[in-house]
Amino acid sequence: MFFRHSRSTFAILLGLSFLSSPLFAEIKDSSDYKVLANQETGLNVDAIQNLLDKGDDFISAGNTDKAIAEFKKARQLSNLIAPYYRDLNGSFRGLDARIP
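Given the structure is predicted, the values throughout are model-derived calculations rather than measurements.

Caption draft 1: Molecular detail of the overall build of the protein. When helices and strands are tallied, the protein shows 3 helices and 0 strands. In the protein, the succession of α and β elements from N to C terminus is α-α-α. Per-residue burial over the protein gives 11% buried out of 100 residues. Of all intrachain contacts in the protein linking residues separated by at least 6 positions in sequence, the fraction that spans at least 24 positions is 32%. Accessible area for the protein stands at about 8900 Å²; split by element, carbon and sulfur atoms hold 60% of it.

Below is the structure:
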């Protein structure tokens, strides 16, 4: 019995000795690769609000053509986001009875 434990301990130590150095995952800022984390250009509600604010600024400046373009971008983005929220809402229906 003692021989079996010492042999397995030796095998583990031998395997660990082949590792030259410990490997660590590189930690980066999550906002670099998460689309939803970027509040200005991402696929989120804040990006839509930014586009609407830009459109309002163009309206105040009297530039209706650029305002219309910004409002169209906001509408396209909201049309992209709406199905995601609908699917997300539907995925929790069976889990919580309070969700209609």
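Caption draft 2: Representation of the nonpolar core in the model. By size, the foremost hydrophobic cluster in this structure holds 6 residues: Ala 47, Ile 48, Leu 51, Ala 74, Leu 77 and Ile 81. Looking at this core, the elements that each hand over two or more residues are helix 2 (45-61) and helix 3 (64-91). Residues in contact with Leu 77, not counting those within four places in the same chain, are Gly 42, Leu 43, Asn 44, Ala 47, Ile 48 and Leu 51.

Caption draft 3: Quick look at a nonpolar patch on the surface. Together, Val 45, Tyr 85, Leu 88 and Phe 92 line one region of the surface with nonpolar side chains, adding up to about 390 Å² of accessible area. Residue placement: Tyr 85 occurs in helix 3. Tyr 85 gets classed as partly exposed once you look at its relative accessible area, which sits at 45%.

Caption draft 4: Structural detail: helix 3. Along its 28 residues, helix 3 runs 41 Å from first to last C-alpha, staying within 8% of the 40 Å computed at 1.5 Å per residue. Residues of helix 3 that are buried make contact with helix 2.

Caption draft 5: Expanded view of helix 2. For helix 2, built from 17 residues, the straight-helix expectation of 24 Å at 1.5 Å per residue is met to within 8% by its first-to-last C-alpha distance of 24 Å. The set of residues buried in helix 2 consists of Ala 47, Ile 48, Leu 51 and Gly 55. When helix 2 is viewed along its axis, its buried side chains cluster within an angular range of 105 degrees and face the same direction. For helix 2, the exposed residues set more than 90 degrees away from the buried face come down to Asp 57, Ser 60 and Ala 61.

Definitions and cut-offs
- Here the residue index of a chain counts from 1 through its sequence in written order.
- Two thresholds apply to this predicted model, a pLDDT of at least 70 for residue-level local features and 80 or more for giving and counting side-chain atom pairs, whereas whole-chain, interface and lining totals are computed over all residues.
- Each side-chain value is worked out from all heavy atoms of the structure, with water and hydrogens disregarded.
- Secondary structure elements are taken from DSSP: a helix is a run of H or I of four residues or more, a strand is a run of E of two residues or more, and numbering for both begins at the N terminus.
- With a 1.4 Å probe rolled over the protein chains alone, any residue whose accessible area is under 20% of its type maximum counts as buried; one over 50% counts as exposed, and the rest are partly exposed.
- Any two residues whose heavy atoms approach within 4.5 Å at even a single point are treated as in contact.
- We get accessible surface area from the Shrake-Rupley algorithm with a probe of 1.4 Å; when it comes to residues, only the shown protein chains can shield them.
- Joining through side-chain atoms within 4.5 Å is the link that ties buried Ala, Val, Leu, Ile, Met, Phe, Trp, Tyr and Cys residues into a set, and such a set is a nonpolar core.
- Patch building starts from residues that exceed 30% relative accessible area and form no salt bridge, then joins like charges within 9 Å and nonpolar side chains (Val, Leu, Ile, Met, Phe, Trp, Tyr) within 5 Å.
- We count a salt bridge whenever a side-chain nitrogen from Lys or Arg sits within 4 Å of a carboxyl oxygen from Asp or Glu.
- Expected helix span is given by 1.5 Å per residue-to-residue step, counting one fewer step than there are residues.
- Directions pointing from the helix axis toward each C-beta atom define the arc.

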